[in-house]
Amino acid sequence: MKWAFVVCAMVAVSECFLQVPLEKGQTAREVLEEQGLWEEYRLKYPYNPMAKFDQSFAVGPESMTNDADLAYYGIISIGTPPQSFKVIFDTGSSNLWIPSIYCSSAACNNHDKYNPGLSSTYKHNGGSLSIQYGTGSMTGFLGYDTVTVGGLAVKNQIFGLSQSEAAFMQYMKADGILGLAYPRLSASGATPVFDNMMTEGLVNQDLFSVYLSSKGRHSSQGSVVTFGGVDPNHYYGAITWIPLSNELYWQITVDSVTVNGQVVACSGGCQAIVDTGTSLIVGPQSSISNINKYVGATSQNGDYVVNCNSISQMPDVTFHIHGQQFTIPASAYVRQSQYYGCRTGLGNGGDNLWILGDVFIRQYYSTFNRAQNMVGLARAK
């Protein structure tokens, strides 16, 4: 598998940027469904998408949860010589952490573990790291080493080495998480990877972009994170630039959500986080229930179920943001399971915040601009 590649415009070498290909692996949910364990698992480890965005964790421990539908991960390496890890590039958190040889949790035993003793560039930090999950936690300690992302070697990058991990992690393909949100969200005050890239002048522009391919159920064709630029091969038309409403997460204001021209949620405006580390579009329960009712879905065991034969007749869901319309067709918001039929990718969050996760990002190429504190959205190819 290619770890990274350089893309250069014809005009000048200075227009180069680096890309990390993303794999789309089998999700934890699909693994559990195959094993007939999904219903038992979901009761034992309930999904709480908003735990990650609980304001009490805004400074200090960073909160995460068992999103069993996460599918995309990329490869980074840590240390000298390099040790490779699969990580979720997560715009909803700010820490980098990976499993370590000091962890014996089930989740560590079926993932690659970092061994600091094998790296000549490792330095111990001594600080502890605790990241709260919806149903458990990751605990560990901090260290420094060279972290290589997309061919960019970030020296003396602080990162977490896990000593224990929540049980649900054992079903995930990724080994760890690389957070791409703002520094003040970072647990233990650890400087995020992208901040060090900017400080060290490793990127031409202080922004990065995410393209999630929607080709095929398990296709990894073309999904990519681009550091230091935008790749026009991955979107149509112009980018709509939206100012952030809070420079903590990649948070923006949504004006309303409509179905067939009728406002069905977010009347008068609401706050939304563009988050590559959440698989669904998530919103307050009353709003999500209303949207699902309008598109013809019925609630069943925590999912919103639809008839697989009706997808072509189902209406679009449109997010009105910064004077533009961002439309999600039924073919994009309905997910098909081999074992559980068809259900929408519109989930309850039980909070005022919305999360525009992978269901949204697959439709809209997303650029995260730290120089201007804006999110750019353009229709994905």
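Going by the structure above, here's the rest.
Thresholds applied
- Along each chain, residues carry numbers from 1 onward, in the same order as the chain's sequence is written.
- A pLDDT threshold of at least 70 governs which residues receive local features in this predicted model, and a stricter bar of 80 or more applies before side-chain atom pairs are shown or counted, although totals over entire chains, interfaces and linings include all residues.
- Only hydrogens and water are removed before side-chain values are computed, so all heavy atoms of the structure are retained for them.
- What counts as a disulfide here is a pair of cysteine sulfur atoms lying within 2.5 Å.
- Residue exposure (1.4 Å probe, protein chains only): buried if accessible area is under 20% of the type maximum, exposed if over 50%, otherwise partly exposed.
- Stacked, edge-to-face and tilted are the three classes for Phe, Tyr and Trp ring pairs, Trp counted by its six-membered ring, which pair at centre distances within 6.5 Å; planes under 30 degrees apart are stacked, over 60 edge-to-face, the rest tilted.
- Helix and strand definitions here come from DSSP, where helices need a minimum of 4 consecutive H or I residues and strands a minimum of 2 consecutive E residues; each element is numbered from the N-terminal end.
- Working rule: Lys NZ or Arg CZ, within 6 Å of ring centre, within 35 degrees of ring normal, means a charge sits over the ring.
- Here the rule is simple: two strands pair whenever DSSP picks up at least two bridges between them.
- Residue contacts are defined here by distance: any two heavy atoms, one from each residue, within 4.5 Å place the two residues in contact.
- Working definition of a nonpolar core: buried Ala, Val, Leu, Ile, Met, Phe, Trp, Tyr and Cys residues. They are joined through side-chain atoms within 4.5 Å.

1. Description of the state of the cysteines
Overall, the coordinates contain three disulfides when judged by the stated rule. Here Cys266 engages in a disulfide with Cys270; their sulfurs sit 2.0 Å apart. Linking Cys266 and Cys270, the disulfide has an S-S dihedral of approximately -105° and is accordingly described as left-handed. Residue Cys270 is classed as buried on the basis of its relative accessible area of 11%. Between the sulfur atoms of Cys308 and its disulfide mate Cys342 the distance is 2.1 Å.

2. Considerations on the packing of aromatic side chains
Evaluation of the coordinates by the stated rule reveals 18 aromatic pairs. Measuring from ring centre to ring centre gives 6.0 Å for Tyr114 and Tyr122, while their planes differ by 55°; the resulting arrangement is tilted. We note that Tyr114, like Tyr122, is buried. Ring geometry for Phe319 and Trp354: centres 6.1 Å apart, planes at 85°, overall edge-to-face. You can see Phe319 sitting in strand β22 (residues 317-321) and its partner Trp354 sitting in strand β27 (residues 354-356), a full 35 residues away along the chain. For the pair Phe319 and Trp354, a shared accessibility class is recorded, and that class is buried. The ring of Tyr182 has Arg370 lying over it, and the distance from NZ or CZ to the ring centre is 4.5 Å. Geometry around Tyr236 places Lys381 over its ring, the cationic atom sitting 5.5 Å from the centre.

3. What about the sheet that holds strand β14 (residues 246-247)?
Judged by pairing direction, the sheet is mixed, and its six strands sit side by side in the order β14-β15-β18-β27-β19-β26 without closing on themselves. Edge positions in the sheet fall to β14 and β26 (346-348), since each of these pairs with one other strand and no more. The pairing of β14 with strand β15 (residues 250-254) spans two bridges and is antiparallel. Among the inter-strand pairings, Asn246 is bridged to a residue of β15, identified as Gln251.

4. Details of the environment of Gly269
For Gly269, the location among the structural elements is in the loop between β17 (262-265) and β18 (270-274). On the basis of relative accessible area, Gly269 is assigned to the partly exposed category, the value being 32%. Taking the C-alpha atoms as reference points, Gly269 and Asp255, separated by 14 residues in sequence, lie 4.1 Å from one another. The residues touching Gly269, leaving out its near neighbours within four places in the chain, are Val254 and Asp255.

5. Thoughts on the pairing of strand β4 (residues 72-78)
Taken across its seven residues, β4 has seven buried, putting it largely inside the fold. Burial along β4 is two-sided: Tyr72, Gly74, Ile76 and Ile78 facing one way and Tyr73, Ile75 and Ser77 facing the other are all buried. Looking at chain direction, β4 and strand β5 (residues 83-90) are connected through five bridges and run antiparallel. When the sheet's bridge partners are listed, Ser77 is paired in β5 with Ser84. Hairpin connection of β4 to β5: four residues between the antiparallel strands, including Gly79 at a positive phi of 100°. As paired strands, β4 and strand β8 (residues 137-149) are joined by two bridges and run antiparallel to one another.

6. Comments concerning the nonpolar core
Formed by 76 residues in total, the largest nonpolar core has its most connected members in Phe89, Phe227 and Phe319. The contact partners of Phe89, leaving out residues within four places of it in the chain, are Val20, Leu22, Gly74, Ile76, Val149, Leu178, Leu180, Val225, Phe227 and Thr276. By size, the runner-up hydrophobic cluster in this structure holds 24 residues, among which are Tyr41, Leu129, Met138 and Ala187.

7. Notes on unusual backbone geometry
Residue Pro81 follows Thr80 across a cis peptide bond; omega there is -5°. Position of Pro81 relative to the elements: it lies in the loop between β4 and β5. Positive phi values are uncommon outside glycine, yet Asn260 reaches one of about 55°. With respect to the helices and strands, the residue Asn260 is situated in the loop between β16 (256-259) and β17. Taking relative accessible area as the criterion, Asn260 reaches 69% and is therefore assigned exposed.

Shape is all these values report; function is a separate question.
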